[in-house]
Amino acid sequence: MNLNKIAYTALVAFCAAIATLVISHALSGTRAGASEPPRAAPISREELARHNSRDSCWKAIDGKVYDITAYIPDHPSREEVVLAWCGKDASEGWHNKRPGVAHSGAASRLLAGYLIGELQGMAAPQPGMPPAPIDTAALPDGRLLLGLAPGTYLDGRYRGSFLDRGEMQVAVQFELRDGHLAALEYRHLAYGGVDYLALAEDAPLYPVTRQYRQVADYLTGKPLHQFFDLYQPERVVTDLDGYTGATLHTGKVISAIRDGLNRGVYQWPGE
């Protein structure tokens, strides 16, 4: 009987030793893997350039390549803004969402989820390197575009609106003072039955309201032709990355302003 107990005890000790060795090996392998993460796959410039469409959109930023095809429908800007960088090095656009203003930390964390590789032959960015300036010469001249609208724009109060398929979406009121925009406000801001001007600050779609108010603030005091800046909302709205309810677009505000200009003065100064 004592021999059986001794044999049983020895068997249990042997099994425990084997189990300890297996667990220790597994843990050491995990630690080694954690200290040496897999390297991102190298991607040539030629391969990057082939993915330059809505169906497959890759872009390089600071030497890393991202496949953002799946994100395009969720991007808050117009689709053309994103597609312009497909198949290219988009570092300049990334670091200049607006002139001299880079994308936010939240945007960087979101972008990291789309990493697929590293761009071959791309030097690593130097710490503290200032972002490349935007080529403003390539932007359309708002004064020329303004010439497309008929009429003479006198000082006074204007009202205009944007409708689509019979639905009122944007209505604005603004003043012209010596050729500068002033007192711009929304008389109506809605889409799909949602009144954005009536939303509480904790409502899920309130970011739409907040950002269109930023648009109004941006235009206040600007020369009239600068309302064409709204064609690039990323230059106007400071927190575009948080734009989760992208159901309205600044192009509609442009249309409402132009509608007001075409209608003429609604109320003369001092009335």
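The rules behind each value
Residues numbered from 1 in each chain as written. Predicted model: local features only at pLDDT ≥ 70, side-chain atom pairs only at ≥ 80, totals over all residues. Heavy atoms only, no water. Core = buried A, V, L, I, M, F, W, Y, C linked by side-chain atoms within 4.5 Å. Buried < 20%, exposed > 50% of the residue type's maximum accessible area, 1.4 Å probe, protein only. Helix = DSSP H or I, 4+ residues; strand = E, 2+ residues; numbered from the N terminus. Salt bridge = Lys/Arg side-chain N within 4 Å of Asp/Glu carboxyl O. Contact = heavy atoms within 4.5 Å. Pairing = 2+ DSSP bridges. Disulfide = S-S within 2.5 Å.

Peer 1: Would you take a moment to explain the nonpolar core for this structure?
Peer 2: Nonpolar side chains tend toward joint burial in soluble globular proteins. Core analysis: the largest hydrophobic core is formed by 28 residues, its most contacted members being F174, Y186, L219 and F227. Among the elements that make up this core, the one with the highest residue count is helix α7 (residues 206–219) (6 residues).

Peer 1: Is there a simple way to explain the pattern of salt bridges in this structure?
Peer 2: Opposite charge on two side chains permits them to pair, given that their charged atoms come into close proximity. Under the counting rule described, the total for this entry stands at 5 salt bridges. Residue R50 pairs with E47 through a salt bridge whose shortest N-O separation is 2.3 Å. Of this pair, R50 and E47 both sit in helix α2 (residues 45–50), 3 residues apart, roughly one helical turn. Taking the relative accessible area as the measure of exposure, R50 reaches 57% and is therefore exposed. Look at E47 and you get partly exposed, because its relative accessible area is 23%. The closest approach of N and O atoms between R177 and E175, which form a salt bridge, is 2.7 Å. Salt bridges sharing common partners tie together R157, E175 and R177.

Peer 1: Honestly, the side chain of T69 in this entry has me stumped. Any pointers?
Peer 2: If you trace the backbone, T69 turns up in the loop between β4 (64–67) and α3 (79–83). T69 gets classed as buried once you look at its relative accessible area, which sits at 16%. For T69, the contacting residues outside a window of four places in its chain are R54, D55, S56 and C57.

Peer 1: How should I be thinking about the pairing of strand β7 (residues 156–164) in this particular structure?
Peer 2: Every regular strand shows the same layout, with side chains that alternate between the two sheet faces. Here β7 runs beside strand β8 (residues 167–177); their pairing, made up of 9 bridges, is antiparallel. Across the sheet, the residue bridging to S161 is A171, located in β8. Hairpin connection, β7 to β8: the antiparallel pair is bridged by 2 residues, and R165 has positive phi, about 55°.

Peer 1: Is there a simple way to think about the environment of D217 in this case?
Peer 2: For D217, the location among the structural elements is in helix α7. The spatial distance from the C-alpha of D217 to the C-alpha of V236 is 9.5 Å, given a sequence separation of 19 residues.

Peer 1: When you look at the state of the cysteines in this model, what are you seeing that I'm missing?
Peer 2: A covalent bond bridging the sulfur atoms of two cysteines is what the word disulfide describes. Enumeration over the complete set of coordinates arrives at 1 disulfide. At a sulfur-sulfur separation of 2.1 Å, the disulfide partner of C57 is C86. Because the torsion about its S-S bond is -95°, the bridge between C57 and C86 counts as left-handed. Separated by 29 residues along the polypeptide, C57 in strand β3 (residues 56–61) and C86 in the loop between α3 and β5 (88–89) bring together distant segments of the chain.

Peer 1: Honestly, unusual backbone geometry in this entry has me stumped. Any pointers?
Peer 2: The residue D62 is not glycine, and still its phi comes out positive at about 50°. Among the secondary structure elements, D62 is positioned in the loop between β3 and β4. Looking at D62, the relative accessible area reads 28%, which means it is partly exposed. Even without being glycine, R165 reaches a positive phi, approximately 55°. If you trace the backbone, R165 turns up in the loop between β7 and β8. Judged by its relative accessible area of 86%, R165 falls in the exposed class.

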